[in-house]
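Coordinates in review
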Amino acid sequence: MTNDMTKGAPFKILLRFVIPLLLSMVFQQLYNLADSVIAGRFLGVDALAATGAAYPITVLFIAVASGASTGCSVVIAQLFGGHDYKKMRRAINTTVVTLVTLALTLTLLGELFCPALMRLIKTPNRIFEPTCIYLRIYIAGLLFLFLYNTATAVFNGLGNSRTPLYFLIFSTTFNVILDILFVKVLDMGIAGVGWATLIAQGIASFLAIFTLIRQMSHIQVEGKVALFDPDLLKRMAVVAIPSICQQSFVSIGVFCVQSLVNPLGSDTVAGFSAALKVSTFAIMVMNSLPNALSSFAAQNIGARDIDRVRRGVRDCILMSEAVIAAIIVLFFTQGVNLLGLFLGDNVTPVVKSVGKEYLLIVAPFYPLVGLKNCCDSVLRGGGAMGAFMATTLADLVLRVALAFILVPMIGFAGVCYAYPIGWVLGTSLSVILYLSKIWVPKSLNVKPAHD
């Protein structure tokens, strides 16, 4: 199933594409939250703190997988929009081969340096062992993470956001069932949480790749399609490497901030972990609309319709801010209850206070995140990766620097205030770069490449 986004009303096209993508983001975050919820409710504060301490490292791997697949998706979308199906098929093959190789390499490096990474972020001794157990199992499943992201990126590049949703619903549901089975019934502890994630993600990734292969067989092209194309890899790397860097820099920022939070004690780590995951859930839901815009922009740039891209940006911003308004209301009215999902009746006053403080400070600034993401998506869709990285680095550097300055002065609140200040600068730069039209190819030279 493919979706040509170069025709039809932009608002309707984006809405039809984004609803499955939005649901996918919700289930993806439920999938990520499941481990922390099960660990917190059934294993206690230390188990929640362990999954929280592992989070910056797991996010770093997710950033590489997501950034690489997103970069490949942009090129695939441009080729699809330009109706160069043979080169598009070669791009898909090259994407799979490259990302599988990258996944296996990171698995080896991750297993070797897992303890060193944990010491780097000052993981408390009290939770060092359970964190290491959970993290090693997670790293063992990196191939499945990359396979699933690869399939999802290809489907999104072809305008098909429904198929990944079906697999994600299955994977999330199966993960929760396995979490409960392994932790509560079989008493496997924190290891059970890790194995549940690995098994559920493994099955979903193979189903997604199998479906992708079947759907690609319906796109007929003349001649044999090469399994790997170095020239296409270079073209995808132009977008993928900055995307990896951008998302990795964000993850490194989380990594650095976690190193400031960890010495504040297990309760603070648990409270920050719960709040950060609730906030990340909201931000990833917000990102579903800009991600749709990225595919929309790439296809229409491939079709050389710049005015249509601008109309899509306007419509996407309106939809994004409506979703964000609902999220802010939810956090201010039900924030404490959302944090309670992680520990149930075992929430300590410190955990609750830390989590609530973080959510109430950062949530009012979510509209800036929505605006920034929409502008960044067009920069990425147009291949303006230097500008795309600049906006992220401006936000990240200031946010991390402020955290290191403020935490020694005012404690955990310094982490909370560093986030919105960074967003203000990053959003300002994103809007300026979008309005500068740096994302519009010179002479509209986005041409389908010939064999």
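Residues numbered from 1 in each chain as written. Predicted model: local features only at pLDDT ≥ 70, side-chain atom pairs only at ≥ 80, totals over all residues. Heavy atoms only, no water.

Regarding its fold elements, the protein chain presents 14 helices and zero strands. A compact globule built from 451 residues should have a C-alpha radius of gyration of about 22 Å, and the protein chain, at 21 Å, falls within 12% of that. Once the C-alpha set of the protein chain is aligned to its principal axes, its extents read approximately 60 × 45 × 35 Å. Within the protein chain, counting contacts between residues at least 6 apart in sequence, those at least 24 apart form 84% of the total. Approximately 17600 Å² of the protein chain is accessible, and the part contributed by carbon and sulfur atoms is 68%. Seen as two clouds, the 32 positive and the 21 negative side-chain charges of the protein chain have centres 7 Å apart. (Helix = DSSP H or I, 4+ residues; strand = E, 2+ residues; numbered from the N terminus. Rg over C-alpha atoms; globule rule 2.2 N^0.38 Å. Contact = heavy atoms within 4.5 Å. Areas by Shrake-Rupley, 256 points an atom, 1.4 Å probe, with all protein chains shown as cover. Lys, Arg positive; Asp, Glu negative; His and termini not counted. Charge placed at Lys NZ, Arg CZ, Asp CG, Glu CD.)

Before going further, it helps to examine empty space enclosed by the protein. Which parts of space are left empty comes out when a probe the size of a water molecule is rolled across the atoms. Within the structure shown, the criterion is met by three cavities of 30 Å³ or more. Lining the second largest cavity, in full, are Ile137, Tyr138, Gly141, Leu142, Leu145, Gly194, Thr197, Leu198 and Gln201. Among the elements of the structure, α4 (125–140), α5 (142–157) and α7 (190–216) are those that each provide at least two residues to the lining of the second largest cavity. No other element matches the four residues that α7 contributes to the lining of the second largest cavity. Of the residues contributing to the lining of the second largest cavity, the split by class is five nonpolar, four polar and no charged. (1 Å grid on protein atoms, 1.4 Å probe; cavity = no way out; pocket = protein on both sides within 12 Å on 5 of 7 lines; lining within 4 Å. Points joined across faces, edges and corners; volume = space filled by probe spheres on them. Nonpolar A, V, L, I, M, F, W, Y, C, P; charged D, E, K, R; others polar.)

Turning our eyes to something else, we now look at a nonpolar patch on the surface. Judged by side-chain polarity, Phe170, Leu181, Val185, Leu186, Met188, Trp195, Ile199, Ile203 and Leu207 come together as a nonpolar surface patch covering roughly 730 Å² of accessible area. The set of elements that each furnish at least two residues to the nonpolar patch consists of α6 (162–185) and α7. Per-element tally for the nonpolar patch: the top contributor is α7, with four residues. Turning to its location among the elements, phenylalanine 170 is positioned in helix α6. (Patch = residues over 30% accessible without salt bridge, like charges linked within 9 Å, V, L, I, M, F, W, Y side chains within 5 Å. Salt bridge = Lys/Arg side-chain N within 4 Å of Asp/Glu carboxyl O.)

For the rest of this paragraph, the subject is the packing of aromatic side chains. Under the counting rule described, the total for this entry stands at nine aromatic pairs. Look at phenylalanine 144 and phenylalanine 206: their rings are 5.7 Å apart centre to centre, the planes differ by 65°, and that puts the pair in the edge-to-face class. Taken together, the positions of phenylalanine 144 in helix α5 and phenylalanine 206 in helix α7 put the pair 62 residues apart, joining distant regions of the chain. On the basis of relative accessibility, which here comes to 18%, the residue phenylalanine 144 falls in the buried class. Measuring from centroid to centroid gives 6.0 Å for phenylalanine 331 and tyrosine 366, while their planes differ by 70°, and the two rings are edge-to-face. With phenylalanine 331 in helix α10 (residues 306–343) and tyrosine 366 in helix α12 (residues 366–381), the pair connects residues that are 35 residues apart, well separated along the chain. The pair phenylalanine 331 / tyrosine 366 is uniform in exposure class, with both members buried. Here the aromatic residues Phe272, Phe331, Tyr358, Tyr366, Phe412, Tyr419 and Trp423 are joined through ring pairs into a cluster of three or more. (Phe/Tyr/Trp six-rings, centres within 6.5 Å; stacked < 30°, edge-to-face > 60°. Buried < 20%, exposed > 50% of the residue type's maximum accessible area, 1.4 Å probe, protein only.)

This next bit is on the confidence of the model for the protein chain. In this model, the protein chain carries a mean pLDDT of 80, and residues with pLDDT of at least 70 account for 92%. Element-level pLDDT for the protein chain is lowest in helix α1 (residues 10–43), with a mean of 72, against a maximum mean of 89 in helix α14 (residues 413–435). Considering only residues more than four positions removed or in separate chains, one finds that residues 445–451, a stretch of pLDDT under 50, has 15 contacts. (pLDDT = per-residue confidence, 0-100.)

Moving on: the packing of α5 against α6. Relative to each other, α5 and α6 sit at 150°, their axes nearing to 8 Å. Relative to α6, the element α5 lies roughly antiparallel. From α5, Tyr148, Thr152, Phe155 and Asn156 reach across to α6, where they touch Thr163, Pro164, Phe167 and Leu168. Tallied by class, the residues present in the contact of α5 with α6 amount to five nonpolar, three polar and no charged. (Axes fitted to C-alpha atoms, helices over the stretch in contact; angles between N-to-C directions. Parallel < 35°, antiparallel > 145°, perpendicular 65-115°, else oblique.)

What follows deals with the layout of surface pockets. By volume, the second largest pocket amounts to about 180 Å³. The set of elements that each furnish at least two residues to the lining of the second largest pocket consists of α3 (85–120) and α7. The residue makeup of the lining of the second largest pocket, split by class, is six nonpolar, two polar and one charged.

A word on the pattern of salt bridges. As a working rule, side chains carrying opposite charge can pair if their charged atoms are close by. Tallied over the full model, the rule gives five salt bridges. Of the charged contacts in the structure, one is a salt bridge between aspartate 229 and arginine 90, with a shortest N-O distance of 2.9 Å. Taken together, the residues aspartate 229 in the loop between α7 and α8 (230–261) and arginine 90 in helix α3 connect sequence positions 139 residues apart. Exposure remark for arginine 90: the relative accessible area of 10% places this residue in the buried category. Between arginine 310 and aspartate 307 there is a salt bridge, and its shortest N-O distance comes to 2.7 Å. With arginine 310 and aspartate 307 both in helix α10, this residue pair falls three residues apart, about one helical turn. Among the residues examined, arginine 310 registers a relative accessible area of 30% and is labelled partly exposed. Of the residues examined, aspartate 307 reaches a relative accessible area of 47% and is grouped as partly exposed.

The subject of this paragraph is helix α11 (residues 349–362). Counted at 1.5 Å a residue, the expected span for α11 with its 14 residues is 20 Å, and the 20 Å between its end C-alpha atoms agrees. Every buried residue belonging to α11 is among Val351, Val354, Gly355, Tyr358, Leu359, Ile361 and Val362, and all of these are buried. (Expected span 1.5 Å × (residues − 1).)

Further remarks concern the packing of α3 against α4. Running from N to C, α3 and α4 point in directions that differ by 160°, and their axes come no closer than 10 Å. Here α4 runs roughly antiparallel to α3, going by the angle between their axes. Helix-helix and strand crossings are classified by hand; for α3 and α4 the assignment is right-handed. Between α3, through Thr107, Gly110, Glu111, Cys114, Pro115, Met118 and Arg119, and α4, the contact on the second element is made entirely by Phe128, Thr131, Cys132, Leu135, Arg136, Ile139 and Ala140. Partitioning the contact of α3 with α4 into residue classes produces eight nonpolar, three polar and three charged. (Left-handed = near helix turned anticlockwise from the far one by under 90°.)

We now examine the side chain of threonine 211. Topologically, threonine 211 is positioned in helix α7. Setting aside residues no more than four positions away along its own chain, threonine 211 makes contact with Phe155, Thr163 and Phe167.

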